[in-house]
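Coordinates in review
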Amino acid sequence: MALAPLLILLSAAAISALLCVLLRPLLERYALARPNARSSHRVPTPQGGGIAVLASAFLAIGLALQALPPLPGAAGLGFVIAASVVLAVVGAWDDIRPLSAGLRLGLQALCVAVVIAYAAPDARLFPELMPLAVERCLALLAGIWFVNLTNFMDGIDWITIAGFVPLTGALALAGSAGVIDPASGLLAAALCGGLIGFAPFNKPVARLFLGDVGSLPIGLLGAYLLYRLADTGALTAALILPLYHVADATITLLRRLARREKVWEAHRSHVYQQATTNGHSVLSVVTTVALLNLALVGLAALSITIPDAAVQWTCIAAAILLTALVMRRFSLRSSAS
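This section reports on the structure supplied with the text. Being a predicted model, the structure only gives us computed values, none of them experimental.

To continue, consider the side chain of T168. Along the chain, T168 turns up in helix α6 (residues 159–176). For T168, a relative accessible area of 0% translates into the label buried. In terms of polar contacts, T168 uses its side chain to reach the backbone carbonyl oxygen of F164, at 2.6 Å. Here T168 is in contact with A188, L191 and C192, once residues within four sequence places are set aside.

Quick look at the structure:
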């Protein structure tokens, strides 16, 4: 059992890389993303690599659960995987023939609601502060936003790799350490492996994009895993781990709302996108985000190890400060430009 997360990660990585090779010619033919004024890429590039990431992760976790004895938390994984597949279909359809914003949002809400109601029915984060119905509504809104911000943040090569490999790797370790339930830890390891196998094809300059078929369900899986972490009492860690992605996407949304822009339309207003406009190379941006996320993993681990209130607040403050410094750096012209 101790080696299971590593074996799942390696298996998912190998399967993902193989599927990327096999699928790329087909995606070049039927799912080519052509550049426009709001794109970060300059040449037509196939999208749909998320199919390989998800298929490899789900195959690896499925085989593992068949081989291992029954694990705590495994009962809910079927609902998580089913909801993720539905979101992947929604994303694939949207990649080929864009859906209306209302229909897309409604289907996302349905998938998040299924995960909350059936995959984590006993989860309570604030039992003494609010009724269950209010908490569930907040969880639904947070889940929908996390699904969408993951999609919004997938705008340059390797940015999702830089954000989600440290996050899922940390959650896989949390599962091994008994911080979260073993099944969630194995799911995190499988998703981490799928992303690692996809990474060589998405490195700058990318030969393959995730597409909405990948970013939407990856957002749902990430939200579920963070929800599971928060349910253990490690709310501070669950807030710290995705902080850069959440901060960049949320601040950008608020700015666009203040300017009365149509927030559902494509744009290049995110801080990481502005960084490339300011002369920072794509590789520099994603490396900085990855290093920041590794630092956030360390702060999250410290908050779990020492549950003292002063340590929790110190970790949150340090995470906010580091994230703000990175965003400030991205907003300035690069000295190399």
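Here A57 shows up in helix α2 (residues 50–67). What makes A57 buried here is its relative accessible area of 0%. Residues A57 and C192 lie 135 residues apart in sequence; the distance between their C-alpha atoms is 8.1 Å. For A57, the residues in contact, after removing those within four places along its chain, are A12, A190 and L191.

Locating T288 in the fold gives a position in helix α12 (residues 282–305). Look past the residues within four positions of T288 in its chain and what remains in contact with it is V326, R329 and F330.

So, on to a nonpolar patch on the surface. Together, L3, L6, L7 and L10 make up an exposed nonpolar region whose accessible area comes to about 420 Å². Structurally, L3 is set in the segment before α1 (4–30).

Moving on to the packing of aromatic side chains. For the structure shown, the criterion picks out four aromatic pairs. Between the aromatic rings of F79 and Y118, the centroid separation amounts to 5.3 Å while the plane-to-plane angle is 20°, which identifies the pairing as stacked. In this pair, F79 sits in helix α3 (residues 77–96) while Y118 sits in helix α4 (residues 101–119), placing the two residues 39 residues apart along the sequence. With 6.2 Å between their ring centres and 65° between their planes, F146 and F164 make a pair best called edge-to-face. Residue F146 is located in helix α5 (residues 132–152), and its partner F164 is located in helix α6; the two are separated by 18 residues in the primary sequence. Note on F146: relative accessible area 8%, which makes it buried. With a relative accessible area of 2%, F164 lands in the buried category.

Under the definition given, this model contains zero disulfides. For the unlinked cysteine C111, the closest cysteine sulfur is that of C137, found at 18 Å.

This brings us to the nonpolar core. L171, Y224 and Y244 are the most contacted members of the largest nonpolar core, which totals 97 residues. Look past the residues within four positions of Y224 in its chain and what remains in contact with it is G73, L77, V80, V115, A119, A120, S184 and L187.

Here we come to the pattern of salt bridges. Within this structure, the stated rule accounts for six salt bridges. Here R124 and E135 are joined by a salt bridge, their closest N and O atoms 3.1 Å apart. Linking R124 in the loop between α4 and α5 with E135 in helix α5, this pair joins segments that are 11 residues apart in sequence. By relative accessible area, E135 is classed as buried at 3%. The partner of R256 in a salt bridge is E261, and the shortest N-O contact between them spans 2.7 Å. Here R256 falls in the buried class, since its relative accessible area comes to 5%. The structure contains a network of salt bridges with shared partners spanning R256, R259 and E261.

We now examine the packing of α4 against α5. Two elements in contact, α4 and α5, have axes separated by 9 Å at closest approach and are oriented at 125°. When the axes of α4 and α5 are compared, the pair comes out oblique. Taken as a pair, α4 and α5 cross one another with a handedness that is right-handed. Contacts between α4 and α5 pair L105, Q108, A109, V112, A113 and I116 from the former with R136, A139, L140, G143, I144, V147 and N148 from the latter.

On to helix α8 (residues 212–231). In a regular helix each residue adds 1.5 Å, so 20 residues correspond to 28 Å; α8 covers 28 Å between its end C-alpha atoms and thus fits that length. Where burial is concerned, most of α8 is hidden: 19 out of the 20 residues are buried. Residue G233 follows α8 closely and has a positive phi angle near 105°.

Cut-offs used in this document
- Residues numbered from 1 in each chain as written.
- Predicted model: local features only at pLDDT ≥ 70, side-chain atom pairs only at ≥ 80, totals over all residues.
- Heavy atoms only, no water.
- Helix = DSSP H or I, 4+ residues; strand = E, 2+ residues; numbered from the N terminus.
- Buried < 20%, exposed > 50% of the residue type's maximum accessible area, 1.4 Å probe, protein only.
- Polar contact = N/O pair within 3.5 Å; in protein donor to acceptor, adjacent residues only side chain to side chain.
- Contact = heavy atoms within 4.5 Å.
- Patch = residues over 30% accessible without salt bridge, like charges linked within 9 Å, V, L, I, M, F, W, Y side chains within 5 Å.
- Areas by Shrake-Rupley, 256 points an atom, 1.4 Å probe, with all protein chains shown as cover.
- Salt bridge = Lys/Arg side-chain N within 4 Å of Asp/Glu carboxyl O.
- Phe/Tyr/Trp six-rings, centres within 6.5 Å; stacked < 30°, edge-to-face > 60°.
- Disulfide = S-S within 2.5 Å.
- Core = buried A, V, L, I, M, F, W, Y, C linked by side-chain atoms within 4.5 Å.
- Axes fitted to C-alpha atoms, helices over the stretch in contact; angles between N-to-C directions.
- Parallel < 35°, antiparallel > 145°, perpendicular 65-115°, else oblique.
- Left-handed = near helix turned anticlockwise from the far one by under 90°.
- Expected span 1.5 Å × (residues − 1).

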